[in-house]
Amino acid sequence: MSISAALSNALTGLSAAGRAGAVVSSNVANVMTEGYARREISLAAQSLGGQGAGVRVNGVGRVVNPPVLQERRAADAEAGNWQAQSAFLTRIESMIGEPGAEGSLSGRLARFESSLIEAQSRPDSTARLQSVLIAAQDLASTVNGIGRSIQEARSEADSSIEAQVGQLNADLARVDELNAEITAMRSLGRDANGLLDQRQTLVDRIAAIVPVREVPRENEQIALYTTGGAVLLEGNPARIGFSPVGVITADMTIGSAALSGLTINGMPIRPTDDGPLGGGTLGAAFAVRDALAPALQADMDAVARDLVTRFEASGIDPTRAPGDPGLLTDAGAVFDPLTETGLAGRLEVNALADPARGGALWRLRDGLGATVPGAVGDASLLAALHTAVTEQQPTQSGSLAGVSRTAFGFAADLLSRTATQRGAAEDRLAFSSGRQAALKELQMQDGVDTDAEMQKLLLVEQAYAANARVIQTMDDLITQLIGL
C-alpha cells in the first residue's frame, strides 16, 4: 500500500471517528429529551478501483421501533380518555358525598329528618321550626350545588373540546410543514433527524387527543388516519371544525342543536367517544359533555322530583289548595313533568314558610295555606312531613326509575351507582395506565443508554487515536524520505 493510500485511509477513519463521536455526544446530551430517538452511525468499507480506500459514513439513523411506538400512542390516548372520565365521576361522587358525611346529600336528608323529629316534640318552639327551615334550605342548596357542578363540568368539557380542536389543527398543519421540510433536507443530502424528532413529538401529541395510525409515504413523509377511520393528513391536513357555546344549561343538548358537534373539512361527523375522532382526550370531553353529565343530571333531576312530589302528595297539608306547591318547589311552582330537565338547579323551599321572603315559620306547623296561626301544640303536619320523607315512593324518572325507595334510599342508590361508574372508569384507567407504562419501558429499551454510549465513546477514542497514529507514522516516513 502506498503512503498516500495509507494517509487517505487514515483520514477517512479520522472523519468517521469524529462523526461517531458527534453522534455519541448528541445521544448523551439528549438523554432526557422527550421525543428524541437514539442515533446510530452507519459505516461501510470504501473502495476505489477495486482497492480499499478506508471507511465511508453511510449516514446517521434514528432507532425507532414503529410497532411499539404505535402501541404506546394508542395506550396514551386510552389512558388520557379514562383519566378524564374518572376525574369527572370522582368530582360528582364527592359532591354527592358519603352517607353521613357533613354536607353530603344523605347528611342533609338526615339533618332535615332530625329537625322534623325535634320540631314534633316542641311544635311551639320557633327555634325548632327555624331549624326545619334551615335544614330544608340546606337540602335544596345541596341539590342545587350538585346540579350546578354537573353543568360547570359540561361547560369545562366544551371549552376543553375547543382547545383540543385548536391544538389538533395547529399540530396537523405543522406535521404537514415538517413533511415538506424533511423531504427538502433529504434531497439536499442533509441530516433531517432533528426534524423527524419534532414530527414524532407532534404526532405523539396528536395521538393523545385522537388515536392515530401513522402510515409511511415516499420521501420519508407520513400520512395520519384515526383508528375510527377519519383521514387527518394525506397530502394536505384535514381541518377540524367546532363552535364552543360558553355557558351550558341543563336543557342544552347536541340533539337539540344547542351544542356543537364536529366537522372534518366542513363535513359533519359523529361526535361521540366511539366516533371517528373518539378514544382519546377529545372523545372523553364529548363523553362528559353529552353522555355522562346529562345522565347524572337526569338522576339529580329525579332526586329533586322525588323530593318535590313527596310534599305535594294529597293529605299531607290540608290547608294547601289543589295545584299549590308543597314545602319544596320547582322555583316556587308545582312540579311539571314537561319541565323536569334542570329541576335540580331550581329546587327551593316554599317562600310561604320563609320569613326572609315574606312567609312565616308557623306555616311549617299550621299549613302553607293557613292564613293565621293555629294551635301551637298541634304537631300533626310536622309528623306528616316526616312521614313523607321516610316512606317509600316509586322513583319516576332517571336511571334508577321503577323501584320504590325512601328519600334516603334514593340518595344512597344514586351514590352507589355513581361510585360504581367511577370504580369501573378507574379500573379501565389502571389497566390502560399499566399498559402505557409497560410500552414506555419497552420503548425506552431503544432509547439512550449512557453506559453503552460511554463504551462506544471509548471505542471511538481508540479508533481516532489509531488513525492519528497511522498519520503520524506516515508523516515520519515522508520526513525520512525527504531527508535521504
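Procedures and definitions
- Residues numbered from 1 in each chain as written.
- Predicted model: local features only at pLDDT ≥ 70, side-chain atom pairs only at ≥ 80, totals over all residues.
- Heavy atoms only, no water.
- Helix = DSSP H or I, 4+ residues; strand = E, 2+ residues; numbered from the N terminus.
- Buried < 20%, exposed > 50% of the residue type's maximum accessible area, 1.4 Å probe, protein only.
- Contact = heavy atoms within 4.5 Å.
- Areas by Shrake-Rupley, 256 points an atom, 1.4 Å probe, with all protein chains shown as cover.
- Salt bridge = Lys/Arg side-chain N within 4 Å of Asp/Glu carboxyl O.
- Core = buried A, V, L, I, M, F, W, Y, C linked by side-chain atoms within 4.5 Å.
- Pairing = 2+ DSSP bridges.

**Q** Would you mind showing me how to read the overall build of the protein chain here?
**A** Within the protein chain, the regular secondary structure consists of eleven helices and 13 strands. Dimensions of the protein chain, computed from the C-alpha atoms along their principal axes, are close to 140 × 45 × 35 Å. Expressed as a percentage of the 484 residues in the protein chain, the buried residues total 45%. In the protein chain, the proportion of contacts linking residues at least 24 apart, taken out of those at least 6 apart, comes to 63%. Summed over all atoms, the accessible surface of the protein chain reaches about 22500 Å², with 56% contributed by carbon and sulfur.

**Q** Just to check I follow, could you spell out the pattern of salt bridges for this structure?
**A** Close approach of charged atoms lets side chains of opposite charge pair. Taken as a whole and assessed by the stated rule, the structure comprises 32 salt bridges. Between aspartate 158 and arginine 289 there is a salt bridge; the shortest N-O distance is 2.8 Å. With a gap of 131 residues between them, aspartate 158 in helix 4 (residues 126–187) and arginine 289 in helix 6 (residues 281–312) connect regions that are remote in the sequence. In this structure, aspartate 158 and arginine 289 share a single accessibility class: buried.

**Q** Quick question: what am I supposed to make of the nonpolar core here?
**A** A general trend in soluble globular proteins is that nonpolar side chains are found buried together. Of all hydrophobic cores here, the largest spans 92 residues; its most connected members are Phe88, Phe112, Ile240, Leu262, Leu277, Leu282 and Leu307. For this core, the element with the most residues is helix 4, which contributes 20 residues. Aside from chain neighbours lying at most four places away, what touches isoleucine 240 is Val165, Leu168, Asn169, Leu232, Leu262, Thr263, Ile264 and Leu277.

**Q** Can you help me understand the pairing of strand 3 (residues 212–216) in this one?
**A** Two faces make up the sheet, and in a regular strand the side chains alternate between them. Looking at chain direction, strand 3 and strand 4 (residues 222–226) are connected through five bridges and run antiparallel. Bridge pairing in strand 4 places valine 212 opposite threonine 226. Adjacent in sequence and paired antiparallel, strand 3 and strand 4 are bridged by five residues, among which asparagine 219 carries a positive phi angle near 60°.

**Q** I'm lost on unusual backbone geometry in this one. Help?
**A** Only a minority of non-glycine residues have a phi that is not negative, and only a minority of peptide bonds are not trans. One non-glycine residue, asparagine 219, lies in the positive phi region at around 60°. Relative to the helices and strands, asparagine 219 resides in the loop between strand 3 and strand 4. What makes asparagine 219 exposed here is its relative accessible area of 52%. The backbone phi angle of alanine 257 is positive, close to 70°, even though this residue is not glycine.

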